[in-house]
Amino acid sequence: MSDIIRGNQPYFSDKDVKKILGEIGTVLKNGMLTQGGYLQEFESSFSKYIGSEFGLGVNSGGTALEIALRALNIHDKEVIVPTDTFMATPNSVLLSGGTPVFVDIDKQTFAIDITDLKRKITDKTKGVILVHMFGIIPENIEEIIQVCKQKNLFLVEDAAHAHGSTYNGIKAGNIGDIGCFSFYATKVLTSGEGGAITTNNNKLNNLCKSIRNHGKSNSEGNFVRLGNNYRLSEIPSILAIYQSKRVEEFVSHRNKISEIYTNFLNDLDFVKIY
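Residues numbered from 1 in each chain as written. Predicted model: local features only at pLDDT ≥ 70, side-chain atom pairs only at ≥ 80, totals over all residues. Heavy atoms only, no water.

**Details of helix H6 (residues 141–150)**
Put simply, the rule reads: Here's how the labels work: a residue is buried when its accessible area is under 20% of the maximum for its type, exposed when over 50%, partly exposed in between, all with a 1.4 Å probe on protein chains only. In DSSP terms, a helix is any run of H or I states spanning at least four residues, a strand is any run of E spanning at least two, and both are numbered starting from the N terminus. Note that the arc is computed from the directions linking the helix axis to the C-beta atoms. Here, residues are in contact when the closest pair of their heavy atoms is within 4.5 Å.
When we look at burial in H6, the residues that qualify are Ile141, Ile144, Val147 and Cys148. Down the axis of H6, the smallest arc covering the buried residues is 120 degrees, so these residues share one side. Along H6, exposed side chains directed more than 90 degrees from the buried face belong to Lys149 and Gln150. Buried residues belonging to H6 abut helix H5 (114–120), strand S4 (125–131), strand S5 (154–158) and strand S6 (166–167). Looking one or two places after H6, you find Asn152, whose phi comes out positive at around 55 degrees.

Next up, the structure:
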């Protein structure tokens, strides 16, 4: 394996691979394949990196969204979703008992159009999902936050692409009420399959933790709410730990690639660079 970062595939250095294989061997020997120390280590390191008080590892970005929306209780309510997103975003609303309401995107930011957002809010609207497509946090995010505050709506960040992205020094996943990340194989940080939820709200964190584990109470053995097995097991957690140590390196590399494209495309009259 080459130690050159390639933009078209997940990157693990030769040194990391040797360490990862050793850690996997430890898991196989101790038999703690899930809900062990590696998950806890990753959750701690990832939430620290994002700057959030809490972080939960889950088995995909899609389930991160679904868990978050279940915790926010959107049953029979509407949730605003931008048209420029992946199917996991509206699906998570439907799977959580809500109705997705699509809003147009702004041609300058490729994120939620403020005018259409205000037009689509009704008495049934519970919240907004802001999607940081391609890792871009839109310039109009403060306007979106203000609308949510005025209308008493929650703001969920779909940060599936946005590991390491920042706005005014605040990382994606720590701007809204709750952030949802994907660690799919094509993402900036990958564990093959997996995801995470970040928040500073203790109540939301506890609800998400319970829903992730079949709705089991966090303090006793009773099952107290609807949930499922959305857990992230130990081996993907190991991969995520080593990837999280290199997030800034990955972001820097992608920015260099972006600069190359931008410099080339700037010379073309029929292409507009935002």
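Still more ground to cover, so stick around.
**What about the sheet that holds strand S8 (residues 178–182)?**
Here is the rule: Strands are labelled as partners when DSSP assigns at least two bridges between them. Fitting a line to C-alpha atoms yields each axis, with helices limited to the stretch in contact; the angle taken between N-to-C directions then spans 0 to 180 degrees.
Spatially, the 7 strands line up as an open sheet ordered S1-S9-S8-S5-S4-S2-S3, and their pairing is mixed. Only two strands of the sheet have a single partner each, and these edge strands are strand S1 (54–58) and strand S3 (99–103). With direction set aside, neighbouring strand axes in the sheet form an average angle of 25 degrees. Of the strand pairs in this sheet, S1 and strand S9 (residues 195–199) are connected by 5 bridges, and their pairing is antiparallel. Along S9, the bridge assignment pairs Gly57 with Ala196. Packed on one face of the sheet, helix H2 (residues 37–50) meets S1, S8 and S9 and runs near 130 degrees to S1. Against the sheet, helix H3 (residues 61–71) engages S1, S4, S5, S8 and S9, with an angle of about 160 degrees to S8.

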